[in-house]
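# Descriptive structure summary
Listed below, chain by chain, are the residues.
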Amino acid sequence: FNQLTAQWERLGKPELIVACSSCYAMFKGKLPVRSLWEILDEVGFPRSSAPIRPLHLAVQDPCTTRHESGIQEAVRHILESLGHHLEELPLHKELTECCGFGGLMGYANPGLAKRVTEKRTQESPLDYVTYCAMCRDRFAAAGKRAVHILDLMYPGEVLDPASRNDPGFTRRHENRAQLKRSLLNEKWQEKQPMEAEYRSIKLYCSEEIRKRLEERLILDEDVQQVIEAAERTGRKFFDPEDGRSLAHHRPARVTYWVEYSPEADGYRIHNAYSHRMEVIEDVKP
């Protein structure tokens, strides 16, 4: 936060505009900050040329806006101006509850986080609309039809955005990285380094293995680094009976183990796990 404040001071101490409710809560009282939704409600916003289909929706207020009535009202006014009919959940505005992501609950206690999310999804049979990306993704992962306010302000090619799946741990990470690269290239004209070669490794896995990677918070990038290091150095266990290899790599503070085999133009992942213990090896010639 001190580093961010120093950068903010070098920029001339401008007002911060944030779309994220948690960012707003973090900065409030420390730096001058306003919600994007309040500003768009005040000054207006470019309307999409795509036809808008009025929807009947229940509004989910992120827990970090519990005491921010200005943001709550701005969001509702924007949605109503788009022609949507809104209903309130039993727990809304100052009574709203966590979607299951707050406090990193999903990482600290996945079972509890799942129960919290499921409880929130059962408050109304209507599709939910929220202005927090993590609320939307948590609900989507639990099978609840939900949209983000931007889905309605700027409808894209997806005809039914409420049906979008949770992007998952890896895709969410990839989307953020891609957005950062795009902004640096297009808005700030900052040339970005070439992407690491291991990023071109294609991975294949079953839905069961994909779910396991998600639960264990293992990114595709982590798996790619393990395979690249193993194939480049030859340091791996190999089972000639099934053609599978088992290798590990420690790119930073975590050691990743991956069981894989070659397939077509990439590799099939059979299993993966990680630990923070460092294995010190004595490699003899």
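Everything below is about the structure printed above this text.
Scoring rules and cut-offs
- Residues numbered from 1 in each chain as written.
- Predicted model: local features only at pLDDT ≥ 70, side-chain atom pairs only at ≥ 80, totals over all residues.
- Heavy atoms only, no water.
- Helix = DSSP H or I, 4+ residues; strand = E, 2+ residues; numbered from the N terminus.
- Buried < 20%, exposed > 50% of the residue type's maximum accessible area, 1.4 Å probe, protein only.
- Contact = heavy atoms within 4.5 Å.
- Areas by Shrake-Rupley, 256 points an atom, 1.4 Å probe, with all protein chains shown as cover.
- Lys, Arg positive; Asp, Glu negative; His and termini not counted.
- Charge placed at Lys NZ, Arg CZ, Asp CG, Glu CD.
- Pairing = 2+ DSSP bridges.
- Axes fitted to C-alpha atoms, helices over the stretch in contact; angles between N-to-C directions.
- 1 Å grid on protein atoms, 1.4 Å probe; cavity = no way out; pocket = protein on both sides within 12 Å on 5 of 7 lines; lining within 4 Å.
- Points joined across faces, edges and corners; volume = space filled by probe spheres on them.
- Nonpolar A, V, L, I, M, F, W, Y, C, P; charged D, E, K, R; others polar.
- Disulfide = S-S within 2.5 Å.
- Patch = residues over 30% accessible without salt bridge, like charges linked within 9 Å, V, L, I, M, F, W, Y side chains within 5 Å.
- Salt bridge = Lys/Arg side-chain N within 4 Å of Asp/Glu carboxyl O.
- Expected span 1.5 Å × (residues − 1).

## A word on the overall build of the protein
- On a plain count of helices and strands, the protein comes out with 11 helices and 11 strands.
- Projected onto its principal axes, the C-alpha coordinates of the protein cover approximately 70 × 50 × 35 Å.
- The buried share of the protein, taken over its 285 residues, is 37%.
- When contacts within the protein are restricted to residue pairs at least 6 apart in sequence, those whose partners lie at least 24 apart make up 55%.
- Here the protein has roughly 17,600 Å² of accessible surface; of this, 53% comes from carbon and sulfur atoms.
- Side-chain charges in the protein split into 41 positive and 44 negative, and the spacing between the mean points of these groups amounts to 3 Å.

## Side note on the side chain of Q224
- Along the polypeptide, Q224 turns up in helix α11 (residues 220-233).
- Discounting chain neighbours no more than four positions away, the residues touching Q224 are Y198, R199, I201 and L203.

## What about the environment of P62?
- With respect to the helices and strands, the residue P62 is situated in the loop between β3 (56-60) and α4 (69-81).
- Among the residues examined, P62 registers a relative accessible area of 1% and is labelled buried.
- For the pair formed by P62 and C135, sequence separation is 73 residues and the distance between their alpha carbons is 7.0 Å.
- Beyond its immediate sequence surroundings of up to four residues, P62 is in contact with S21, T96, T130, Y131, C132 and C135.

## Thoughts on the sheet that holds strand β6 (residues 146-148)
- Reading across from one edge, β4-β3-β5-β6 is the order of the four strands in this open sheet, with parallel pairing throughout. One side of each edge strand has no neighbouring strand; the edge strands of this open sheet are β4 (85-88) and β6. Adjacent strand axes in the sheet meet at a mean angle of 40° when their direction is disregarded.
- Where α4 meets the sheet, it contacts β3, β4 and β5 (127-130), and its direction lies at approximately 145° from that of β4.

## Some remarks on the layout of surface pockets
- The calculated volume of the largest pocket comes to roughly 1,100 Å³.
- Residue assignment for the lining of the largest pocket shows that the elements contributing at least two residues are α5 (105-108), α6 (110-121), α7 (133-141), α9 (168-186) and α10 (207-215).
- For the lining of the largest pocket, the element with the highest residue contribution is α9, accounting for six residues.
- Classifying every residue of the lining of the largest pocket gives 11 nonpolar, five polar and 15 charged.
- The calculated volume of the second largest pocket comes to roughly 910 Å³.
- Around the second largest pocket, the lining is made up of 27 residues, and of these C132, A133, M134, H148 and R176 lie nearest the centre.
- Mapped by element, the contributors of at least two residues to the lining of the second largest pocket are α2 (21-27), α7, α8 (149-153) and α9.
- Sort the elements by how many residues they give to the lining of the second largest pocket and α7 lands first, with five residues.
- Split by residue class, the lining of the second largest pocket holds 14 nonpolar, seven polar and six charged.

## Let's talk about the state of the cysteines
- Tallying each qualifying case throughout the model produces zero disulfides.
- Looking at the unpaired C63, the closest cysteine sulfur is the one in C98, lying at 4.6 Å.
- C135 supplies the cysteine sulfur nearest to C99, a cysteine that is in no disulfide, at a spacing of 3.8 Å.

## Notes on a nonpolar patch on the surface
- A cluster of nonpolar side chains, L104, Y107 and L217, forms an exposed patch at the surface whose accessible area comes to about 270 Å².
- Within the secondary structure, L217 is located in the loop between α10 and α11.
- Exposure remark for L217: the relative accessible area of 34% places this residue in the partly exposed category.

## Some points on α6
- If you check α6, its first and last C-alpha atoms are 17 Å apart, about what 12 residues at 1.5 Å a residue would give, namely 16 Å.
- On its buried face, α6 is in contact with β3, α5, β5 and α7.

So yeah, pure geometry; function would need other evidence.
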